[in-house]
Amino acid sequence: MPLSATNFAQPRPVPVGIRSNEKSLSSDPFRFRFRGSPSFLGSPHSLRFNPTPPLKLAIPHCRRSAAAAVTDVSNGTMVKSSANMLITKEEGLELYEDMILGRFFEDMCAQMYYRGKMFGFVHLYNGQEAVSTGFIKLLKKEDTVVSTYRDHVHALSKGVPARAVMSELFGKATGCCRGQGGSMHMFSKEHNLIGGFAFIGEGIPVATGAAFSSKYRREVLKEASADHVTLAFFGDGTCNNGQFYECLNMAALWKLPIIFVVENNLWAIGMSHLRATSDPEIWKKGPAFGMAGVHVDGMDVLKVREVAKEAIERARRGDGPTLVECETYRFRGHSLADPDELRDPAEKARYAARDPISALKKYMIENKLANEQELKSIEKKIDEVLDDAVEFSDESPLPPRSQLLENVFADSKGFGIGPDGKYRCEDPKFTQGTAHV
Amino acid sequence: MLRAIRHKNILPAFSAFRAFSSSAKEMTVREALNSALDEEMSADPKVFLMGEEVGEYQGAYKITKGLLDKYGPERVLDTPITEEMALICLLNILQAGFTGIGVGAAYYGLRPVVEFMTFNFSMQAIDHIINSAAKSNYMSAGQISVPIVFRGPNGAAAGVGAQHSQCYAAWYASCPGLKVLSPYSSEDARGLLKAAIRDPDPVVFLENELLYGESFPVSAEVLDSSFCLPIGKAKIEREGKDVTITAFSKMVGYALKAAEILAKEGISAEVINLRSIRPLDRSTINASVRKTNRLVTVEEGFPQHGVGAEICTSVIEESFGYLDAPVERIAGADVPMPYAANLERMAVPQVEDIVRAAKRACYRSVPLAATA
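Where an unreviewed UniProt entry is consulted, chain B appears under the name Pyruvate dehydrogenase E1 component subunit beta, with the organism given as Arachis hypogaea. The UniProt entry for chain B carries the following comment under Subunit (unreviewed entry): "Tetramer of 2 alpha and 2 beta subunits." The UniProt entry for chain B carries the following comment under Subcellular location (unreviewed entry): "Mitochondrion matrix".

Identification of chain A as Pyruvate dehydrogenase E1 component subunit alpha from Arachis hypogaea is taken from an unreviewed UniProt entry. The Catalytic activity (unreviewed entry) comment attached to chain A in UniProt states, word for word, "N(6)-[(R)-lipoyl]-L-lysyl-[protein] + pyruvate + H(+) = N(6)-[(R)-S(8)-acetyldihydrolipoyl]-L-lysyl-[protein] + CO2". The UniProt entry for chain A carries the following comment under Cofactor (unreviewed entry): "thiamine diphosphate".

Shown next, in the form of C-alpha cells:
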C-alpha cells in the first residue's frame with residue numbers, strides 16, 4: 001500500500017467494535033492475578049504473581065492487522081510450531097552466543113563493581129536476555145534501538161563491541177562514549193544505538209522521533225531505501241508514565257515504523273507492577289490507541305523472536321507500530337545498590353527455573369540442533385572475549401583533562417555552520433556581507 | 001499568504017523622508033519570523049515545523065501563517081491536540097511527547113523547529129530539552145548532535161496571569177549544551193532564527209508576544225535570504241559614554257526609551273541588546289563597561305539567579321577596577337505574576353525604573369522604591 005501524504009498526517013478513523021470485543025476476550029483481568037479482592041494499598045506480600053490457575057492470555061485481534069502469537073505463560077516449555085524447527089542451527093547458535101554474551105557480561109560487571117573498577121549506577125539485565133536477543137538479532141544495522149538505563153545488553157546485541165562497553169563502564173577514554181556517558185548513557189552512532197536514558201519514559205519519544213525521521217526521509221525526502229525501524233525498550237513502570245501514552249497516540253496516528261517493547265519484569269525497583277497499575281495487562285493499551293498489542297513469554301527467546309519478526313515486518317511495510325509486552329524477570333536487583341528484599345524468593349526461584357539460556361540450550365539439544373560440546377565451546381569463547389574486554393579496559397587510559405570541555409556543542413564557535421559545511425565565521429566574507437554586527 | 005518581501009516593493013510615501021542609504025522597509029517581528037522560517041524551509045528539505053496550532057490554525061500567534069499551504073502537512077506538523085480546539089485549556093498536555101519526538105528526529109539529521117505556544121509549557125518538556133537535547137552531544141562524545149530549535153513566546157504578556165508569564169532565559173541559559181537566543185527587532189528575529197535553524201546544536205529561541213506586532217525598519221541586507229546573524233554576539237543599539245545598560249527582548253525597547261529620557265538630563269547611555277543569552281557576549285559587555293564605568297542590567301524575569309546576576313558577576317570578575325559605581329540590577333518583582341493590571345505593571349520593569357537605576361549609577365540622588 002503506497003504511503004501517501006494524507007496517511008501521514010490525518011488521523012485514522014477509530015475502528016468500531018474493538019472495545020466491545022476486548023471485554024469478551026478477558027473479562028476480569030484481576031481474576032488470575034490476585035487472591036481475593038485486590039487491596040489498593042496492600043503490601044507486596046499479599047500480591048504475588050500467581051500463575052495457577054493457568055493463564056491463557058489471548059491476544060486481541062486488532063482490526064487492522066493479524067494477531068500475533070498466542071503464548072502459553074503458565075509453564076516454561078517452548079511451543080514448537082506445528083511445522084518444522086523454529087530456527088536453523090546457525091540461528092540457534094547465534095542466539096545462544098548472544099544470550100551468553102549478555103549474561104556473562106553482566107556477571108562480569110557485578111564482579112568489577114564489587115572490586116571497585118566500576119562505579120555509580122549499574123543496572124543489570126540478568127534474566128531478560130531473551131528479549132534483547134529475540135528482538136535485536138532480527139534488526140539490520142540501520143535500524144535503531146533506544147533503551148533505558150538497563151542498556152548494556154541492548155548495546156551488545158546491537159553490535160557494540162564488548163571492549164567498548166566495558167571501557168565505557170570503567171570510565172575510560174576508549175569507551176563507546178569516551179567515558180562521558182557511563183552505564184546509563186550508551187550511545188553508538190555506528191550501530192544506531194541512540195541511548196541509554198536515565199529517566200524512565202525518556203527514550204520513548206526519542207525513539208518515536210527516530211521512527212518519524214525514517215518516515216520523513218522516505219516520504220518527504222524521497223529516499224526510497226529509508227525503511228529502517230526503531231525499537232524502544234522500556235519497563236513496566238514506564239507504562240504508567242504520561243510520555244508513553246503520548247507516543248502510543250502519535251505513533252499510531254502517524255503510522256510510524258516503531259515497536260514499543262515492554263520488558264515487564266513485574267518490578268519497578270521495589271514497586272510491584274500489580275500494586276502500581278490499575279490494569280496490569282499492558283498489551284491491552286495498544287488496541288486502545290489503534291495499534292496491535294501483543295503479549296509474549298519473555299523468558300522464551302524463540303517465542304519472542306516470532307513475535308518480533310511479525311512486528312518488525314509490519315513496521316517495515318509501513319503498517320505502523322506494535323506494542324509488545326514481554327513477560328520477563330530480572331534475576332538480580334534493580335541495580336547493584338538494591339538489596340532486593342521485597343521480592344519473594346519463591347517467585348525468584350520460579351523464574352530462575354525458566355532461565356532463557358537453559359531453555360534454549362535444552363531446546364537445541366533435544367532437537368539435535370547442537371550438542372553439549374558446541375555450546376560449551378561458545379561459552380568458553382565468550383569467557384575469553386570478556387577477559388580480553390576487562391584487560392583492555394584496565395589498560396585503557398583515563399580521559400585526558402582536555403576532554404572535560406569537549407563535545408558540549410557540535411559547533412562551539414557559536415556562529416553556526418554554513419551551507420558549505422564549514423564554520424561560517426571562517427568565511428572572510430561573513431562579516432562584510434550580509435551579517436551586520 | 002505571505003506578503004512578498006521583495007526589494008522592489010513600493011515603499012509608502014512617508015519613508016522617503018527618512019535619510020537611510022539603503023531602502024528602509026518596515027517589517028513586523030511576526031513577518032520577520034515567518035519569512036525566516038519560510039526561507040529556511042525552502043532552502044533545506046530537512047527542516048520541518050512541529051507544534052500546537054502551527055498548521056491549520058496558522059500558528060497560535062500567526063507566526064507560521066501560510067506555511068502549511070506552502071509546504072504541506074508533512075513538513076508543518078500540527079501535533080495532536082489540534083483536533084480538539086474546544087479543549088484549548090489543555091494545550092500543555094502533549095509537550096513532552098512532541099518535544100522528545102523532535103529530539104529523536106534531530107538525532108537522525110532532520111532539523112525540527114518545535115514551537116511551544118509559550119515557554120511556560122516548555123516546563124512540561126524540559127526533561128527533553130535538557131536531558132535528551134542539550135546533553136546528548138556530550139554524553140555520546142560527539143556522536144549524536146541535535147540540530148533542533150525550540151521557539152516560542154517567552155516572558156510576560158498582558159494580563160495572562162502567573163502561569164503564563166514567566167521568563168525562562170535564566171533557566172535555559174544556565175545549562176551547558178544549549179544555545180539561548182532572544183531577539184528584539186525584526187532584524188534580530190530574522191537573522192537569529194536563520195542562524196538557529198542552521199546551527200547544529202539545540203537552540204532555545206525566546207521570542208516575545210508583545211513584540212510580534214511591532215514594526216522595525218529593515219535594510220536590504222536583512223531581507224536577503226542568506227542573511228544571518230552570528231550567535232554569541234551582542235549589538236550596541238545606541239552608543240553612549242556615561243552608563244551601560246544591557247537588556248534583551250522587550251526590555252531593549254524600554255532601555256532605548258530610557259536612554260532618550262536620560263539624554264535630556266545629560267546622561268549618555270549606551271544600550272546593549274544582548275541577542276544571545278548563551279553564549280553571553282562578555283567581551284562586548286566588558287568593553288562597554290570599561291568605557292562607561294557604570295552598569296545597569298535590565299531583564300523581565302525573576303531577580304534571583306537571573307541573567308542580570310550573571311552579567312554583574314562577569315563585569316565584577318573582569319572589570320572591577322573600571323567600575324565607578326556599584327552595578328545596578330533591574331529585574332521583575334520577586335513574585336509570581338499578578339493578574340490585576342496595576343500590580344502587573346509594578347511587577348515588570350518600566351522605563352522609569354531603568355531611568356532611576358541609571359541615575360543611581362551616576363550618583364544622582366534618586367529614591368530607590370517605585371511608587372504605584
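After that view of the structure, there is still more to cover.
(A) Looking closely at the overall build of chain A. Looking only at helices and strands, one finds 14 helices and 9 strands in chain A. For chain A, buried positions account for 57% of its 437 residues. A separation of at least 24 residues holds for 74% of the contacts in chain A among residues at least 6 apart in sequence. Entry remark: accessible area of chain A is about 18,000 Å², with carbon and sulfur atoms responsible for 56%.

(B) Local environment of the overall build of chain B. Tallying secondary structure elements over chain B gives 13 helices and 14 strands in all. When the 372 residues of chain B are sorted by exposure, 63% land in the buried category. Taking the intrachain contacts of chain B between residues at least 6 apart in sequence as the baseline, contacts between residues at least 24 apart amount to 79%. For chain B, the computed accessible surface area is about 14,000 Å², with 55% contributed by carbon and sulfur atoms.

(C) Structural view of the sheet that holds strand 3 (residues 76-78) of chain B. Residue and element names in this part refer to chain B. Overall, mixed pairing links the 7 strands, which are arranged 3-2-4-5-7-6-12 in an open sheet. Of all strands in the sheet, those bounded by a partner on one side alone are strand 3 and strand 12 (276-278). Here the strands of the sheet are splayed against their neighbours by 20° on average, with no regard to which way each runs. When strand 2 (residues 47-51) meets strand 4 (residues 111-115), the two strands line up parallel, connected through 5 bridges. What sits directly across from Val47, in strand 4, is Arg111. Most of the contacts of helix 1 (residues 29-43) go to strand 2, to which it runs at about 135°, and overall it touches strand 2, strand 3, strand 4, strand 5 (149-153) and strand 7 (203-207).

(D) Main features of the domain arrangement of chain B. Residues and elements named next belong to chain B. Along its sequence, chain B is carved into domain 1 (25-223) and domain 2 (235-362). Inter-centroid distance (C-alpha atoms) of domain 1 to domain 2 is 26 Å. Contacts between the two partners involve 31 residues from domain 1 and, on the opposite side, 25 residues from domain 2. On the surface where domain 1 and domain 2 come into contact, there are 2 salt bridges.

(E) Focus on the environment of Ile285 of chain B. Residues and elements named next belong to chain B. Checked against the element boundaries, Ile285 lands in helix 10 (residues 282-292). When its relative accessible area of 2% is taken as the criterion, Ile285 is described as buried. Each C-alpha atom, one on Ile285 and one on Cys312, is 9.9 Å from the other, the two residues being 27 residues apart in sequence. For Ile285, the residues in contact, after removing those within four places along its chain, are Thr246, Ile272, Leu274, Leu280, Ile311 and Val315.

So, how was this worked out
- Residues numbered from 1 in each chain as written.
- Chains lettered and ligands numbered in written order.
- Predicted model: local features only at pLDDT ≥ 70, side-chain atom pairs only at ≥ 80, totals over all residues.
- Heavy atoms only, no water.
- UniProt positions renumbered as here; feature names shortened; annotations may be inferred.
- Helix = DSSP H or I, 4+ residues; strand = E, 2+ residues; numbered from the N terminus.
- Buried < 20%, exposed > 50% of the residue type's maximum accessible area, 1.4 Å probe, protein only.
- Contact = heavy atoms within 4.5 Å.
- Areas by Shrake-Rupley, 256 points an atom, 1.4 Å probe, with all protein chains shown as cover.
- Pairing = 2+ DSSP bridges.
- Axes fitted to C-alpha atoms, helices over the stretch in contact; angles between N-to-C directions.
- Domains from an automatic or database assignment.
- Salt bridge = Lys/Arg side-chain N within 4 Å of Asp/Glu carboxyl O.

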